[in-house]
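# Structural characterization, general
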Amino acid sequence: MTDHSDGVMDREYAAGRRRAPHLQFRYRVRAQLAVDAFRSRVPRQSTHRVIELGAADGLTLLAIRELLGSQGEFDGIELSDELLAAAPSVPANTRLLKGDVMKLPAEIKDGHYDLCTALAVLEHLPDPTQALREAFRVLRPGGVLVATAPNPLWDDIAGKLGMVAAEHHEQELDEKALRRIVAAAGFVNIEFRRFMWAPVGVLPYLKLKLDPARSLEIDRWVSKLKLLNFGFVNQCIVASKP
Ligand SMILES: C[S@@+](CC[C@H](N)C(=O)[O-])C[C@H]1O[C@@H](n2cnc3c(N)ncnc32)[C@H](O)[C@@H]1O
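The structure contained in this document is the topic of the report that follows. (Residues numbered from 1 in each chain as written. Predicted model: local features only at pLDDT ≥ 70, side-chain atom pairs only at ≥ 80, totals over all residues.)

### Here's the deal with the nonpolar core
The line we're drawing: As used here, a nonpolar core is made of buried Ala, Val, Leu, Ile, Met, Phe, Trp, Tyr and Cys residues. They are joined through C-beta atoms within 7 Å. For every residue, the other C-beta atoms within 10 Å of its own C-beta are counted; 20 or more classify it as buried, 12 or fewer as exposed, and values in between as partly exposed. C-beta atoms are placed from the backbone. Each helix is a run of H or I in the DSSP string that is no shorter than four residues. Each strand is a run of E no shorter than two, and both are numbered from the N terminus. C-beta atoms are placed from the backbone for every residue, and two residues are taken to be in contact when these atoms lie within 7 Å.
In terms of nonpolar packing, the biggest core is built from 68 residues, with C116, A135, L145, V146 and V182 touching the most fellow members. The greatest single-element share of this core, amounting to nine residues, is contributed by helix 2 (residues 21-41). Not counting residues within four places of it along the chain, the set of residues in contact with A135 comprises L53, C116, A118, L145 and A185.

### Observations regarding the site of the ligand
What counts here: We call a residue near a molecule or strand when its C-beta atom, built from the backbone, sits within 6 Å of it.
Inspection of the region around the ligand gives 23 residues, with G54, A56, T60, L79 and L119 positioned closest. The set of elements that each furnish at least two residues to the shell around the ligand consists of helix 2 and strand 2 (72-78).

### Notes on the environment of P199
Along the polypeptide, P199 turns up in helix 8 (residues 198-201). Judged by local crowding, P199 falls into the exposed class, with 10 C-beta atoms found within 10 Å. Separated by 32 residues in sequence, P199 and G231 have C-alpha atoms that sit 8.1 Å apart.

### Focus on the packing of helix 2 against helix 3 (residues 59-68)
What counts, and what does not: In this analysis, axes come from line fits to C-alpha atoms, helices being fitted only over the stretch in contact, and the angle between any two N-to-C directions falls in the range 0 to 180 degrees. Oblique is the label for any angle not under 35 degrees, not over 145, and not in the 65 to 115 range, which are roughly parallel, roughly antiparallel and roughly perpendicular in turn. Crossing handedness is read from the near helix: turned anticlockwise from the far helix by less than a right angle, it gives a left-handed crossing, and turned clockwise, a right-handed one. Under the grouping applied here, Gly and all other residues not named as nonpolar or charged are polar, the nonpolar ones being Ala, Val, Leu, Ile, Met, Phe, Trp, Tyr, Cys and Pro and the charged ones Asp, Glu, Lys and Arg.
As a packed pair, helix 2 and helix 3 sit with axes 9 Å apart at the nearest point and diverge in direction by 45 degrees. Compared by their axis directions, helix 2 and helix 3 come out oblique. The way helix 2 lies across helix 3 gives a crossing that is right-handed. For the pair helix 2 and helix 3, the contacting residues are Y27, R28, R30, A31, Q32, A34 and V35 in the first and L59, T60, A63, I64, L67 and L68 in the second. When the residues that make up the contact of helix 2 with helix 3 are grouped by side-chain class, the tally is nine nonpolar, two polar and two charged.

### Regarding the pairing of strand 4 (residues 113-119)
For the record, the criterion: Here, a strand pair is defined by DSSP locating no fewer than two bridges between the strands. Here the term right-handed applies to a crossover when the path leading from its first strand over the helix to its second strand runs clockwise, the strands being oriented away from the viewer.
The buried count for strand 4 comes to seven of seven residues, which makes it a mostly enclosed element. In this sheet, strand 4 lies alongside strand 1 (residues 48-53) in parallel orientation, the contact comprising three bridges. Each residue of the ladder has a partner; that of E52, found in strand 4, is T117. Judged from the six bridges that link them, strand 4 and strand 5 (residues 139-150) form a sheet pairing that is parallel. Along strand 5, the bridge assignment pairs A118 with A147. Read as a crossover between parallel neighbours, the route from strand 4 over helix 5 (residues 128-138) to strand 5 is right-handed.

Dropping the structure here:
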């Protein structure tokens, strides 16, 4: 049994992402969410510089690249050698670099990126604010951060049911904590959203297919009925560098 106690993941996770419909659905939803959030702030840009923190095997970064139109530069940072080794071959304008998101590799330039994603990674880190400071440093002014973290309520339930046994989470980050650490890193115009309503999130377990964009549309409708907010499995924060 692999030790996941440091929040860094391994080849079992990569194998799961290729095999398990629910893992594929989740990363595709996160990619779609990141692109939608970015476009809501920067609607008219055709070339993009993107950095994905905690990129795993690069599949989420590749999905973001496809959704954005593939022009630009796409960098993923990942600490796990096993996940980097499990990555598919990537296009010329895409790099998967070994590194710690709390201290980005030297080749990552300051003020360079339009979009920085930290999807399902902050909860794995001993110091998520430090990773957000790094995100702030490498974004250009006006650049957009999109970060996601599981809803602590559902994360506890999933933990008790053994559904996230392969994932060690260092932090429980609720809305208040997410807002606090994103603001502490210097970001402004901070917006919090909930996504992946539980009844929709279980569909892939039942082998029922749902388009990620449609899933996010359902989330938007459900979130209007504030009473059902507890039913969202995931949370997202969007913010800008001034
Ligand atoms: C749950 S996965 C999310 C992958 C991807 N961002 C997505 O949304 O599909 C979290 C990833 O962060 C990586 N990770 C954890 N701590 C890290 C660190 N300090 N630096 C870089 N990557 C890290 C893990 O190894 C894992 O691949």
